[in-house]
Amino acid sequence: MGSEKESARHWYVVHTYSGYENKVLESLKQKVQSMGLENEIFDVIIPEKEEVEKKDGVEKVIKRKIFPGYVLVNMIVNEKTWYDVRNTDGVTGFVGSGTKPIPLTEDEYENILREMGVEKTKVVHDIDVEVGETVKICSGPFENFAAKVVSVDDEKGKIKALVDMFGRETNVELDFDQVEKN
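Below is a summary of the structure that appears in this document. Keep in mind it's a predicted model, so treat the numbers as computed, not measured. (Residues numbered from 1 in each chain as written. Predicted model: local features only at pLDDT ≥ 70, side-chain atom pairs only at ≥ 80, totals over all residues. Heavy atoms only, no water.)

1. Quick look at the overall build of the protein
Then step 1. Within the protein one finds three helices and 11 strands.
Then step 2. N-terminal to C-terminal, the α/β element order of the protein is β-α-β-β-β-β-α-β-α-β-β-β-β-β.
Then step 3. By principal-axis analysis of the C-alpha atoms, the protein measures approximately 65 × 35 × 30 Å.
Then step 4. For the protein, the residues scored as buried account for 34% of the 182 residues in total.
Then step 5. Look at the contacts in the protein between residues 6 or more apart in sequence, and 56% of them connect residues 24 or more apart.
Then step 6. Surface exposure of the protein reaches about 11700 Å², of which carbon and sulfur atoms provide 47%.
Then step 7. Side-chain charges in the protein split into 25 positive and 36 negative, and the spacing between the mean points of these groups amounts to 5 Å. (Helix = DSSP H or I, 4+ residues; strand = E, 2+ residues; numbered from the N terminus. Buried < 20%, exposed > 50% of the residue type's maximum accessible area, 1.4 Å probe, protein only. Contact = heavy atoms within 4.5 Å. Areas by Shrake-Rupley, 256 points an atom, 1.4 Å probe, with all protein chains shown as cover. Lys, Arg positive; Asp, Glu negative; His and termini not counted. Charge placed at Lys NZ, Arg CZ, Asp CG, Glu CD.)

Structure follows, in structure tokens:
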């Protein structure tokens, strides 16, 4: 663990004991708050979709799990977060090899959202930055750092930038909503 690629924020699939999805979701959310992991574990969801069930002539809307026994976690994987998620009651492991979780691709995640009935909307961002400009990072692990913009991807809402850490420039990829103009 610890390569630059692994420090990026992605959605990971976590396997749970059957029927423990809600317990795992609540446990992880509590763990994030109590251990101050808000900058490493961002969201936990149970992929569900609403269905209409007819019973005794009465229609009722129920939520049905799309992937029973799984939850999705949006996080930055490092040794600590991997350990904290892996050792949550009800979790049996990550999808991937034992120590190397495999993140969902953007397409896989969007397909799951569609299955849930949630269309990922294109977010219009109010940031107007150009290559060479310096921006301030306002959230995430590099919060309050200054970064020099290397590239801007309007389509994905991402900025690639260089952050000066310990006298060395480090490449980072940031969402538009993680930066503000200086």
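Alright, that's what it looks like, and here's the rest.
2. Quick notes on the nonpolar core
Soluble, globular proteins show a tendency: their nonpolar side chains are buried together.
Then step 1. Among the nonpolar cores identified, the biggest contains 18 residues, and Val14, Ile41, Val73, Met75, Val85 and Phe94 are the most heavily contacted of them.
Then step 2. Elements with a contribution of two residues or more to this core: β1 (9–16), α1 (21–35), β2 (41–45), β5 (70–76), α2 (79–86) and β6 (91–94).
Then step 3. Here this core gets four residues from one element, more than from any other, and that element is α1.
Then step 4. In contact with Phe94, other than residues within four places in its own chain, are Tyr12, Val13, Val14, Met75, Trp82, Val85, Arg86 and Pro101.
Then step 5. Formed by 13 residues, the second largest nonpolar core is a distinct cluster that contains Ala147, Val149, Leu174 and Phe176. (Core = buried A, V, L, I, M, F, W, Y, C linked by side-chain atoms within 4.5 Å.)

3. Digging into α2
Then step 1. By the burial criterion, the buried members of α2 are Thr81, Trp82, Asp84 and Val85. The buried residues of α2 occupy an angular sector of 165° when projected down its axis, which confines them to one face.
Then step 2. Among the structural elements, β1, α1, β2, β5 and β6 are those in contact with the buried residues of α2.
Then step 3. Put simply, Asn78 is the residue that caps the front of α2, since its side-chain oxygen is 3.1 Å from the backbone nitrogen of Lys80. (Arc of directions from axis to C-beta. Polar contact = N/O pair within 3.5 Å; in protein donor to acceptor, adjacent residues only side chain to side chain.)

4. Topic: the pattern of salt bridges
Then step 1. On inspection of all chains with the given rule, the structure shows seven salt bridges.
Then step 2. As a salt-bridge pair, Lys65 and Glu48 come within 3.9 Å of each other at their nearest N and O atoms. Here Glu48 lies in strand β3 (residues 48–55) and Lys65 lies in strand β4 (residues 58–65), a separation of 17 residues in the sequence.
Then step 3. Across the pair Lys80 and Asp84 runs a salt bridge whose closest N-O atoms are separated by 2.9 Å. (Salt bridge = Lys/Arg side-chain N within 4 Å of Asp/Glu carboxyl O.)

5. A word on the sheet that holds β2
Then step 1. Strand order in the open sheet made by the four strands is β2-β5-β1-β6, with antiparallel pairing throughout. Each end of this open sheet is capped by a strand with a single partner; those strands are β2 and β6. If you compare each strand with its neighbour and ignore which way they point, the axes differ by 30° on average.
Then step 2. With seven bridges joining them, β1 and β5 adopt antiparallel strand pairing. (Pairing = 2+ DSSP bridges. Axes fitted to C-alpha atoms, helices over the stretch in contact; angles between N-to-C directions.)

6. What to know about the packing of aromatic side chains
Then step 1. One pass over the full model with this rule turns up four aromatic pairs.
Then step 2. Judged by centre distance (6.0 Å) and plane angle (80°), the ring pair of Phe142 and Phe145 falls under edge-to-face.
Then step 3. Of the residues examined, Phe145 reaches a relative accessible area of 31% and is grouped as partly exposed.
Then step 4. Sitting above the plane of the Phe42 ring, Arg9 keeps its charged end 3.8 Å from the centroid. (Phe/Tyr/Trp six-rings, centres within 6.5 Å; stacked < 30°, edge-to-face > 60°. Lys NZ or Arg CZ within 6 Å of the ring centre and 35° of its normal.)

7. Observations concerning the sheet that holds strand β8 (residues 146–153)
Then step 1. Spatially, β10-β9-β8-β7-β11 is the arrangement adopted by the five strands of the open sheet, whose pairing is antiparallel. Bordering the open sheet on either side are β10 (168–175) and β11 (179–181), each of which pairs with just one other strand. When strand polarity is set aside, the average angle formed by the axes of neighbouring strands in this sheet is 45°.
Then step 2. Direction of pairing for β8 relative to strand β9 (residues 158–165): antiparallel, over a ladder of six bridges. Note on β9: the bridge partner recorded for Val152 is Ile159.

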